[in-house]
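Residues per chain, in single letters:
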Amino acid sequence: MTGPGAARGGADDADDAADSEAGAPPVVLKLGGSLITEKDRPETLDGDALDAACDAVADALAAGDVDRLAVVHGGGSFGHHHASEHGVSTTAGTRDADAVAAVHGAMKRLNAHVLDRLRERGVPAVPVHPLSLAARAAGTGGDLDLPLGSTATLLGEGFVPVLHGDGVATAGDGVTVVSGDELVVELAAGLGARRVGVCSTVPGVLDGDGDVIDAIDEFEAVADALGASDATDVSGGMAAKVRELLALDAPAHVFGAEGLAPFLRGEDAGTRID
Ligand SMILES: Nc1ncnc2c1ncn2[C@@H]1O[C@H](COP(=O)(O)OP(=O)(O)OP(=O)(O)O)[C@@H](O)[C@H]1O
Ligand SMILES: C=C(C)CCOP(=O)(O)O
């Protein structure tokens, strides 16, 4: 596979861009920070896991199993470590520009690793940085505004946009954290995603006995089994993930590394949430 420029010369007027956006519904995939980094060691990649995930993505695109794909990755030991050090979370903001630079800088470093490894495999991956695009309304859990024009147009032009958890301008609070899970929900709803996949270190959402729950359609039924993350995590771990995915129209799956290739082939993997 080569870059998208081989297929199209690039849109140079608004009609072209609009045509490009009106394509097949994309698949939205989150690569969890706990999968692609060593979450307990600051700014440490799990290179083998990232390679395996990038192989699966490249293979699925090359085989035509997935036509349009938007990728989001989490923070792992890059974003969460700095956010926690500066006391910033999805609800606690900062007005310290150095803190914002630390969190955003770490996420851009992780994003660069993800992009490099995807592009090495022929995936036309390009960055979309939420801090430059998004805003959160005032109040705890304030609505997230994520303009999707750039992502939709990139998809239409044959690219694979790669977003990431990041800092986000927040009315009345400075800058808070936007999690990759929130971005997945915004992308899936705004782009009319076909399917949503969340790939993490666990094989699915686990019940009280540690077994994978096949399907979840209401939060209360599984609330007791859902904890936060094992590692430093400022955005709520598995409980927040399930809550957000339940709000989607598109079917979502939560799975581990072994579920990624089947998910991308269109099969069920891990826990189905709808
Ligand atoms: N019932 C549960 N089933 C599965 N995982 C659970 C459950 N309760 C808590 N967890 C925790 O949730 C973690 C997955 O959420 P986490 O947010 O850490 O993953 P991630 O999305 O890969 O990371 P990041 O937020 O850095 O992107 C698991 O590693 C596990 O520790
Ligand atoms: C901590 C930061 C900046 C990113 C949070 O994104 P997540 O890992 O998807 O929860």
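Residues numbered from 1 in each chain as written. Chains lettered and ligands numbered in written order. Predicted model: local features only at pLDDT ≥ 70, side-chain atom pairs only at ≥ 80, totals over all residues. Heavy atoms only, no water.

The name an unreviewed UniProt entry assigns to the protein chain is Isopentenyl phosphate kinase, from the organism Halorubrum salinarum. Looking at the Subunit (unreviewed entry) heading of the UniProt record, one finds this comment for the protein chain: "Homodimer." (UniProt positions renumbered as here; feature names shortened; annotations may be inferred.)

## Topic: the state of the cysteines
In a disulfide, the sulfur atoms of two cysteines are covalently bonded to one another. Under the definition given, this model contains zero disulfides. As a non-bridged cysteine, cysteine 54 has cysteine 199 as the owner of its nearest cysteine sulfur, 11 Å distant. Looking at cysteine 54, the relative accessible area reads 1%, which means it is buried. Residue classification places cysteine 199 among the buried positions, given a relative accessible area of 0%. (Disulfide = S-S within 2.5 Å. Buried < 20%, exposed > 50% of the residue type's maximum accessible area, 1.4 Å probe, protein only.)

## Concerning the environment of valine 57
For valine 57, the location among the structural elements is in helix H3 (residues 47-63). By relative accessible area, which is 2% here, valine 57 ends up buried. If we skip the residues at most four places from it in the chain, valine 57 touches Leu29, Leu69, Leu118, Val123 and Leu264. (Helix = DSSP H or I, 4+ residues; strand = E, 2+ residues; numbered from the N terminus. Contact = heavy atoms within 4.5 Å.)

## What to know about the confidence of the model for the protein chain
On average, residues of the protein chain carry a pLDDT of 89, and 88% of them reach 70 or more. The low-confidence segment residues 5-20 (pLDDT under 50) makes twelve contacts with residues lying over four places distant or belonging to another chain. Predicted complex, confidence summary: ipTM 0.95, pTM 0.91. (pLDDT = per-residue confidence, 0-100.)

## Some words on the side chain of glutamate 182
For glutamate 182, the position within the fold is in helix H7 (residues 180-191). For glutamate 182, a relative accessible area of 14% puts it in the buried group. Sequence-distant contacts of glutamate 182, that is, excluding residues within four places in its chain, are made with Thr90, Arg136, Leu144, Val177 and Glu244.

## Quick word on the packing of helix H4 (residues 76-85) against helix H5 (residues 97-120)
Here H4 crosses H5 at 175°, and the two axes come no closer than 8 Å. Between H4 and H5, the angle falls in the class roughly antiparallel. Across from Phe78, Gly79, His82 and Ala83 in H4, the residues of H5 making contact are Ala102, Val103, Ala106, Met107, Arg109, Leu110 and His113. In the contact of H4 with H5, the residues fall into seven nonpolar, three polar and one charged. (Axes fitted to C-alpha atoms, helices over the stretch in contact; angles between N-to-C directions. Parallel < 35°, antiparallel > 145°, perpendicular 65-115°, else oblique. Nonpolar A, V, L, I, M, F, W, Y, C, P; charged D, E, K, R; others polar.)

## Examining the nonpolar core
Grouped together as the largest cluster of nonpolar side chains are 37 residues, with contacts concentrated most on Leu187, Val196, Val205, Leu226, Val242, Leu245 and Ile273. Mapped onto this core, the elements with two or more residues apiece are strand S2 (69-73), helix H6 (149-156), H7, strand S9 (195-199), helix H8 (237-246) and strand S11 (252-255). Counting residues per element, this core draws most heavily on H7, which supplies six residues. In this structure, valine 242 is in contact with Val205, Ile216, Phe219, Leu226 and Ile273, ignoring residues within four places of it in sequence. Listed in part, the 34 residues of the second largest apolar core include Val66, Phe78, Val160 and Cys199. (Core = buried A, V, L, I, M, F, W, Y, C linked by side-chain atoms within 4.5 Å.)

## A closer look at the UniProt feature "binding site: substrate" (unreviewed entry) in the protein chain
Mapped onto this numbering, the UniProt entry annotates "binding site: substrate" (unreviewed entry) at Gly75, His80 and Gly180. These annotated residues cover 106 residues of sequence, but their C-alpha atoms sit close together, with the largest distance between any two at 11.6 Å. Relative to the elements of secondary structure, histidine 80 occurs in helix H4. Overall, the relative accessible area of 7% leaves histidine 80 in the buried class. Here glycine 180 is to be found in helix H7. In contact with glycine 180, other than residues within four places in its own chain, are Lys30, Val72 and Gly165.

## Overview of the packing of aromatic side chains
Counted according to the given criterion, the structure contains one aromatic pair. Taking NZ or CZ as reference, arginine 243 lies 3.9 Å from the ring centre of phenylalanine 219, over its face. (Phe/Tyr/Trp six-rings, centres within 6.5 Å; stacked < 30°, edge-to-face > 60°. Lys NZ or Arg CZ within 6 Å of the ring centre and 35° of its normal.)

## Here's the deal with the pattern of salt bridges
Applying the stated criterion to the full structure yields 13 salt bridges. Here arginine 41 and glutamate 38 are joined by a salt bridge, their closest N and O atoms 3.5 Å apart. Assessed through its relative accessible area of 31%, glutamate 38 is described here as partly exposed. Salt-bridge contacts for lysine 241 lead to aspartate 181; the nearest nitrogen and oxygen are separated by 3.0 Å. Here lysine 241, found in helix H8, pairs with aspartate 181, found in helix H7; they are 60 residues apart in sequence, far enough to count as distant. With respect to burial, lysine 241 and aspartate 181 carry one shared label: buried. One continuous salt-bridge network, built from bridges that share partners, spans Asp51, Asp55, Arg117, Glu120 and Arg121. (Salt bridge = Lys/Arg side-chain N within 4 Å of Asp/Glu carboxyl O.)

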